Amino acid sequence: MPSFLGIPTLLGWQLWYLQTATVMQFHLNGFRPGDPAITPAACVPQTDRLPASVDVLIVGSGSAGLTLAAQLSAFPDITTRLIEAKSGPIEKGQADGVSCRSMEMFEAFGFAHTVMREAYWVNETTFWKTDPDDADSIVRTGRIQDVEDGLSEMPHVILNQARVHDMYLDVMRLSAHRLAPDYDRRLDRLDVAETGTHPVTATIIHSPADAAPTEEMVRARYVVGCDGARSTVRSAMGLELKGDSANKAWGVMDVLVVTDFPDIRQKTLVQAAGSGALLIIPREGGYMARIYVELETLGDGERARDRNITLDQLIVATQRIFRPYSFEVKNTIWWSVYEIGQRMTDRFDNAGDAPNGPLPSVFIAGDACHTHSPKAGQGMNVSMGDSFNLGWKLAAALQGRAAPELLRSYSTERAAVARRLITFDQEWARVLAEQSSGAGNTPKFQEYFVEHGRYTAGVSVRYEPSQLIGEPKYQHLATGFDIGMRLHSAPVVRLADAKPMHIGHTLRADGRWRLFLFADAAHPTTSGSRLAQLCRYLYDNPASLLRSHRPAGEDIDAVIDVRGIVQSDFRSMNLGDLPILLRPPKGRFGLIDSEKAFCPDLKNDTDIFDLRGIDRCNGCIVIVRPDQYVAHILPLDGFSGLSAFFRNILTSQSS
Ligand SMILES: Cc1cc2nc3c(=O)[nH]c(=O)nc-3n(C[C@H](O)[C@H](O)[C@H](O)COP(=O)(O)OP(=O)(O)OC[C@H]3O[C@@H](n4cnc5c(N)ncnc54)[C@H](O)[C@@H]3O)c2cc1C
């Protein structure tokens, strides 16, 4: 068999790679020559002048700001601008760890396969310590698989943050808006009015290289501060980062080295008694490595930059830890010195705590609301997760598809994630310090590492029950799709064209909700099929949620996209026998969308019903949010529960 729990063995890699390829549909409203990834320009082209008013103003083009801009660029009717104080995109340095979960999100944006091709894949992690028999040497004490089998169809990879940014910039550039950051523009001040359609006024200093600085004003419905650890937006909101102050300086450098250290191409933690700890992160391209190296203990309130630490000091500290192995730096691409501290803001928006108080109009995301050690590789990932959570909510509120009260859930959901991140990082720093002092127990440390693998892979985030997350009353109908957690994809075969693919790759970053309807035991062509009955209700009944939440004139799947997964092999079914909802007519020609129905991948022995614990007798409905999180699980005959769930979130479009 080429696969185990949905993760391929060597024989299955080629097939698996194809299965991860992005799902694209085009030519619905007529043939268009050229690259289908380029959306026709639908708006007035962006010029170098900022408009007087926008729907969303994003401040900062780091990973949080670009994720949000890429998401909002998918909506031609929403005007977004992204201002950035720097003169252009970063080219090197900063974060490089991309978790499995972020890769799943990249798939929704359509560039996971590009990252996979270019990145370093973290397959193993090795551990080294001072040799108990020779204090001047280090020895390997363990090696473990980096990502647990079956955790995600995506690998854990390492790629320069700058390249990830490039891919987001491409998504924005190919969108209908042809959106690009407005560089050389620094947010100076924010003023928030209590009323008005565009309550936030941003004062911006534009400093082009070839002209004197000028002041610009932009009014926005919403402003999102993705402006990093020293956020101006956060200060304007009167919020501050609270938490532990740092007391340990670390160095980080991206280098091209010649070394005889055998694990230079493995992610490696070295702990040399008396000399400190270092972490090797092998990098894309086969030659470069990132080294994080422990430096000095800082005094109270002291900053690492106050010590004037030099690159040579980083290299000498690294060479000392690596003894007896050589470590000759041939070229330093980037380096920096920083201190670790774990801090976060109390909330991520400007709404008060009163449930009926004012609605939020200003938000912060990423490093602007939480800072922590970079070594657990969470900075870029959690920041992108913040914006992905916020993006679809802003779009739904701006398009009138949901009431703006939905926006309150951003701070609630993501502050809880940040709190867990801070706790994890404090614990991680403690365990690491114990190890460096020689007091730690290595097998225990490795155990800790393995135990927290799901966390670092980014797949353990769980949103609590709320308006957006149902109670787990029907969790038993699909035990492998945890309510509140991201949809754990599994292989399927698309019925119409027998294409092997991942069900999760039907989720695009397009702001739509998804209903996955898993068939019950009755054949879907028979009158006793609960799947068919639900499909008929959803398609035919004018009061059904598909019709009541859909703006007039739009396709049946414009707001809620329904996919069906039957139990039979694809060779024993005809698409034409399935309910019309699973092969709906769409677009100006009424073309049939034949990519809604799927079968289990029986050939590779990866039956999604078994892999994800679906009740074969009763089937079920799995509701998935636009950010890929499982919102609810309901029985196939739970028509009223399904309608009630969406009535609480989406506005009625029929009146
Ligand atoms: C110098 C540096 C080194 C780092 N090193 C590492 C590392 O080694 N490993 C690791 O995992 N993580 C590292 N990080 C953190 C990692 O890059 C962040 O966690 C991640 O990028 C979070 O993204 P963000 O978008 O929230 O913030 P950032 O990536 O910091 O982006 C914020 C953006 O906002 C812009 N900005 C700030 N103020 C304004 C303003 N007033 N107006 C307009 N624009 C503004 C900034 O120029 C910047 O482009 C580093 C960050 C920095 C800044």
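Because the structure is predicted, anything quoted here is derived from the model rather than measured. (Residues numbered from 1 in each chain as written. Predicted model: local features only at pLDDT ≥ 70, side-chain atom pairs only at ≥ 80, totals over all residues.)

Q: I'm lost on the overall build of the chain in this one. Help?
A: Counting its regular elements, the chain contains 15 helices and 30 strands. Taken against the 2.2 N^0.38 rule, which gives 26 Å for 655 residues, the C-alpha radius of gyration of the chain at 26 Å falls within 12% of a compact globule. If one aligns the C-alpha atoms of the chain with their principal axes, the spans along those axes are about 75 × 65 × 50 Å. Expressed as a percentage of its 655 residues, the buried residues of the chain come to 49%. Long-range pairs, those at least 24 residues apart, make up 73% of the contacts in the chain with a sequence separation of at least 6. (Helix = DSSP H or I, 4+ residues; strand = E, 2+ residues; numbered from the N terminus. Rg over C-alpha atoms; globule rule 2.2 N^0.38 Å. Buried ≥ 20, exposed ≤ 12 C-beta atoms within 10 Å, placed from the backbone. Contact = placed C-beta atoms within 7 Å.)

Q: Explain the nonpolar core to me, please; I cannot follow it from the model alone.
A: Side chains of a nonpolar character, in soluble globular proteins, are inclined to be buried together. The biggest cluster of nonpolar side chains holds 180 residues, and the ones touching the most others in it are Val223, Val224, Ala365, Cys620 and Val622. In terms of residue count, helix 8 (residues 379-398) provides more of this core than any other element does, 11 residues in total. Sequence-distant contacts of Cys620, defined by excluding residues within four places in its chain, comprise Tyr474, Leu477, Ala478, Phe518, Ile614, Asp615, Ile633, Leu634, Pro635 and Leu636. (Core = buried A, V, L, I, M, F, W, Y, C linked by C-beta atoms within 7 Å.)

Q: Before we go on, may I ask you to explain the site of the ligand in this structure?
A: Taken together, 32 residues form the shell around the ligand, and within it Gly60, Gly62, Gly366, Pro374 and Gly379 come nearest. When residues of the shell around the ligand are traced back to their parent elements, those giving at least two are helix 2 (63-72), strand 10 (185-192) and helix 8. (Near = placed C-beta within 6 Å.)

Q: Sorry if this is basic, but what is going on with unusual backbone geometry here?
A: As a rule of thumb, non-glycine residues mostly have phi less than zero, and peptide bonds are mostly trans rather than cis. Going from Arg323 to Pro324, the amide bond is cis rather than trans, its omega being 10°. With respect to the helices and strands, Pro324 occurs in the loop between helix 7 (311-322) and strand 18 (327-339). The phi dihedral of Gln94 is positive, around 60°, even though this residue is not glycine. Considering the arrangement of structural elements, one finds Gln94 in the loop between strand 4 (80-83) and strand 5 (97-98). On the basis of neighbour counts, which here come to 18 C-beta atoms within 10 Å, the residue Gln94 falls in the partly exposed class.

Q: Can you walk me through helix 7 in this structure?
A: Along an α-helix, residues three or four positions apart point the same way, because every turn accommodates 3.6 residues. Helix length check: helix 7, at 12 residues, gives a terminal C-alpha distance of 17 Å against a target of 16 Å (1.5 Å per residue), a fit within 8%. Among the residues making up helix 7, those that are buried are Leu314, Ile315, Ala317, Thr318, Ile321 and Phe322. Along the long axis of helix 7, the arc covered by the buried residues comes to 160°, so they all point the same way. Facing away from the buried surface of helix 7 by more than 90 degrees, the exposed residues are Asp312 and Val316. (Expected span 1.5 Å × (residues − 1). Arc of directions from axis to C-beta.)

Q: Explanation requested: helix 2 in the structure shown.
A: Burial runs high along helix 2: 10 of the 10 residues are buried. Along helix 2, the residues that are buried comprise Ser63, Ala64, Gly65, Leu66, Thr67, Leu68, Ala69, Ala70, Gln71 and Leu72.

Q: Would you mind showing me how to read the sheet that holds strand 21 (residues 370-371) here?
A: Hydrogen bonds between backbone atoms are what pair the strands of a sheet, whose relative direction is either parallel or antiparallel. The strand order 13-19-21 describes an open sheet built from 3 strands, whose pairing is antiparallel. Either end of the sheet is taken by a strand with one partner, and the two such strands are strand 13 (242-243) and strand 21. Examined bridge by bridge, strand 13 and strand 19 (residues 343-344) share 2 bridges and lie antiparallel to one another. Note that in strand 19 the partner of Gly243 across the bridge is Arg343. (Pairing = 2+ DSSP bridges.)

Q: I tried to follow the environment of Pro584 on my own but got confused; where do I start?
A: Mapped onto the secondary structure, Pro584 falls in the loop between strand 25 (560-565) and strand 26 (585-586). A tally of 20 C-beta atoms within 10 Å means that Pro584 is categorised as buried. Between the C-alpha atom of Pro584 and that of Val459, which follows or precedes it by 125 residues, the distance is 33 Å.

Q: Even after reading the chapter, I still don't get the domain arrangement of the chain, so can you show me in this structure?
A: When the parts of a complex come together, some accessible area is lost, and that lost area is often used as the size of the interface. With domains assigned, the chain is organised as domain 1 (37-119 + 159-244 + 342-461), domain 2 (120-156 + 245-340) and domain 3 (472-647). Between the C-alpha centres of domain 1 and domain 2 the distance comes to 28 Å. Listed per partner, the contact involves 29 residues of domain 1 and 32 residues of domain 2. Within the residue set of the side of domain 1 that touches domain 2, elements represented by two or more residues are helix 3 (100-109), helix 4 (112-118), helix 9 (408-436), helix 10 (442-451) and helix 11 (453-456). (Domains from an automatic or database assignment.)

Q: Help me out: how do you make sense of the environment of Leu151 in this one?
A: Mapped onto the secondary structure, Leu151 falls in the loop between strand 8 (134-145) and strand 9 (157-158). Exposure remark for Leu151: the 20 C-beta atoms within 10 Å place this residue in the buried category. Residues Leu151 and His488, 337 residues apart in the sequence, show an inter-C-alpha distance of 7.9 Å. Beyond its immediate chain neighbours, meaning those up to four positions away, Leu151 contacts Cys100, Arg454, Ala457 and Val459.

Q: How should I be thinking about the sheet that holds strand 14 (residues 248-259) in this particular structure?
A: Pairing is mixed in the open sheet, where 7 strands are placed in the order 8-7-15-16-17-14-18. At either end of the open sheet lies a strand with only one pairing partner, and these are strand 8 and strand 18. Mean inter-strand twist for the sheet, computed between neighbouring axes without regard to direction, equals 20°. Across 5 bridges, strand 7 (residues 124-131) lies against strand 15 (residues 267-272) in parallel orientation. Looking at strand 15, one finds that Thr125 is bridged to Lys267. (Axes fitted to C-alpha atoms, helices over the stretch in contact; angles between N-to-C directions.)

Q: Help me understand the environment of Ala42, please; the structure alone is not making it clear to me.
A: Within the secondary structure, Ala42 sits in the loop between helix 1 (13-20) and strand 3 (53-59). Measuring from C-alpha to C-alpha, the distance between Ala42 and Asp77 comes to 8.9 Å, with 35 residues separating the pair along the chain.

Q: Looking at this structure, how should I read the confidence of the model for the chain?
A: Caution applies to low-pLDDT parts of the model: their predicted coordinates are not meant to be read in detail. Confidence in the prediction of the chain, expressed as mean pLDDT, is 91, and 94% of residues score 70 or more. pLDDT under 50 marks residues 1-14. Its contacts with residues more than four places away, or in other chains, come to 29 contacts. (pLDDT = per-residue confidence, 0-100.)

Q: Any chance you could explain the packing of helix 2 against helix 5 (residues 161-173) here in plain terms?
A: What describes two packed helices is the angle between their axes and the distance between those same axes. Relative to each other, helix 2 and helix 5 sit at 20°, their axes nearing to 9 Å. Our classification of the angle between helix 2 and helix 5 gives roughly parallel. Of the two elements, helix 2 crosses helix 5, and the hand of that crossing is left-handed. Packed against helix 2, whose contacting residues are Ser63, Leu66, Thr67, Ala69 and Ala70, the element helix 5 presents Gln161, Val164, His165, Tyr168, Leu169, Val171 and Met172 at the interface. Residues that form the contact of helix 2 with helix 5 fall into these classes: 8 nonpolar, 4 polar and no charged. (Parallel < 35°, antiparallel > 145°, perpendicular 65-115°, else oblique. Left-handed = near helix turned anticlockwise from the far one by under 90°. Nonpolar A, V, L, I, M, F, W, Y, C, P; charged D, E, K, R; others polar.)

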